[in-house]
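Each chain, letter by letter, is given below.
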Amino acid sequence: MAFWGDYHTHTTYSHGKGSVMDNARVAKDVGLKQVAITDHGLKHLCLGIKKKEFPRFLEDCKAATKETGVHVLAGIENNFNSFRGTLDVPPEYIGMLDIIQGGYHRAAKAPSFGQEFSFQIRNLFSGLRSKSPKKLIAKNTDAYLKLIDNYDIDFIGHINRDIRADAITVAKYAKQKGTYIELNNKNLTITDEELEKMCEEGVLFVVNSDAHRPEAVGNMDKILEVINRLHIPFELIHNWERFPAFRSKNYADAVARFNEQYSSERKENGDGQA
């Protein structure tokens, strides 16, 4: 029994230590069938992928897929950056992705000075305190819900990292919309109690490594310990011995292209039926 995909990894396009090809080769070695490259977005203040690099990034994903046979998905670690649930990546770039992740980082640039102050600065200072104001938690929760409404988010990455919201409410709404909740091997930012409640609600999960080094790709050991300790049903882990049914057309189209090419190559090599 094993994971079939790892949908949150980083490369030197942001602050990872290896290339797209390095991540793909490790993914192949550990038995993954899919791996997503999700470097930080174009408006990340210090680590984001640059616009001029984006075409090369897409080509690197295609080349790594061709060499390794692992389906390398082009993604971005998108961040919502306002109470309106907007992402820090322009729509035209989202349209070129194979998978759409949504999450939050403090360093994502807000769409306006007003949102920079009211959303980012408030959450920055709130994160330094032991508790966030209830009104801010409610507004952050609503921002997560708007994010899920505004975009075909395939999964929410490390929910509540650097920000505080009602994780249960977000997870239940995500389930209604077909969005997965990530269990992040590097940064699990939900409590045992929250996780158990999500399981009771039948929330759908994907487990990801959040690898910043190639050798960490596919490493889910910490989350497996949590799964076993809390007796989380593997039926709720949708990249365990299967592929997730991600909601975006981006993902569906990427899988269709991969399957078509793979089928064609098998026929050309005489391995498939004519």
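Attention shifts here to the sheet that holds strand β2 (residues 34-40). Reading across the sheet, the 3 strands line up as β1-β2-β3 and stay open at both edges, with parallel pairing between neighbours. Looking along the sheet, the strands with just one partner apiece sit at the ends: β1 (5-9) and β3 (71-77). Between one strand axis and the next, the sheet turns by 20° as a mean value, whatever way the strands run. In terms of strand pairing, β1 meets β2 through 3 bridges, oriented parallel. Bridging across to β2, Asp6 finds its partner in Val35. Sheet strands touched by helix α2 (residues 54-68): β2 and β3. Its angle to β3, the strand with the most contacts, is close to 150°.

On to the sheet that holds strand β5 (residues 155-156), then. The strand order across the open sheet built from 4 strands is β4-β5-β6-β7, with neighbouring strands paired in parallel fashion. Only two strands of the sheet have a single partner each, and these edge strands are β4 (101-102) and β7 (205-208). Relative to β7, strand β6 (residues 180-184) is paired through 4 bridges, and the arrangement is parallel. Across the sheet, residue Asn184 finds its bridge partner in β7, namely Asn208.

Before going further, it helps to spend a moment on helix α7 (residues 192-200). Residues lying three or four places apart along an α-helix face the same way, a consequence of the helix completing one turn every 3.6 residues. For α7, every residue scored as buried is listed here: Glu194, Leu195, Met198 and Cys199. All buried residues of α7 project into a common sector of 140° when viewed along the axis, lining one side. Exposed side chains of α7 directed beyond 90 degrees from the buried face belong to Glu193 and Glu200. Close packing links the buried residues of α7 with α6 (167-177), β6, β7 and α8 (221-230).

Among the nonpolar cores identified, the biggest contains 70 residues, and Phe57, Phe80, Phe205 and Ile237 are the most heavily contacted of them. Look past the residues within four positions of Phe205 in its chain and what remains in contact with it is Tyr180, Ile181, Leu183, Leu195, Met198, Cys199, Leu236, Ile237, His238 and Asn239.

Before going further, it helps to examine the pairing of β3. Looking along a regular strand, one sees the side chains alternate between the two faces of the sheet. Burial runs high along β3: 7 of the 7 residues are buried. The pairing of β2 with β3 spans 7 bridges and is classified as parallel. Within β3, the position partnered with Asp39 by the bridge is Ile76.

To continue, consider the packing of aromatic side chains. Aromatic rings in a pair are described by how distant their centres are and how their planes are angled relative to each other. Scanning the model with the defined rule gives 16 aromatic pairs in all. Between Trp4 and Phe243, the ring centres sit 4.9 Å apart and the planes meet at 65°, which makes this aromatic pair edge-to-face. Highlighted residues: Trp4 in the segment before β1 and Phe243 in the loop between α8 and α9 (249-268), separated in sequence by 239 residues. By relative accessible area, which is 36% here, Phe243 ends up partly exposed. For the pair Phe83 and Phe119, a centre-to-centre distance of 4.9 Å together with 85° between the ring planes defines the contact as edge-to-face. Placement of Phe83 in the loop between β3 and α3 (91-94) and of Phe119 in helix α4 (residues 113-127) is noted, with a sequence separation of 36 residues between them. Phe119 matches Phe83 in its accessibility class, with the two residues each being buried. When the ring centre of Trp4 is taken as reference, the NZ or CZ atom of Lys33 above it lies at 4.9 Å. In this structure, Lys139 packs its charged tip against the face of Phe83, placed 4.2 Å from the ring centre.

The next point concerns the pattern of salt bridges. Scanning the entire structure with this criterion turns up 13 salt bridges. Two residues, Glu67 and Arg25, come together in a salt bridge whose shortest N-O distance is 2.8 Å. Residue Glu67 is found in helix α2, and its partner Arg25 is found in helix α1 (residues 20-29); the two are separated by 42 residues along the sequence. Lys62 is the partner of Glu59 in a salt bridge, and the nearest nitrogen-oxygen pair spans 3.7 Å. Of this pair, Glu59 and Lys62 both sit in helix α2, 3 residues apart, which is roughly one turn of that helix.

Procedures and definitions
Residues numbered from 1 in each chain as written. Predicted model: local features only at pLDDT ≥ 70, side-chain atom pairs only at ≥ 80, totals over all residues. Heavy atoms only, no water. Pairing = 2+ DSSP bridges. Helix = DSSP H or I, 4+ residues; strand = E, 2+ residues; numbered from the N terminus. Axes fitted to C-alpha atoms, helices over the stretch in contact; angles between N-to-C directions. Contact = heavy atoms within 4.5 Å. Buried < 20%, exposed > 50% of the residue type's maximum accessible area, 1.4 Å probe, protein only. Arc of directions from axis to C-beta. Core = buried A, V, L, I, M, F, W, Y, C linked by side-chain atoms within 4.5 Å. Phe/Tyr/Trp six-rings, centres within 6.5 Å; stacked < 30°, edge-to-face > 60°. Lys NZ or Arg CZ within 6 Å of the ring centre and 35° of its normal. Salt bridge = Lys/Arg side-chain N within 4 Å of Asp/Glu carboxyl O.

Treat this as a map of the structure, not an account of what it does.
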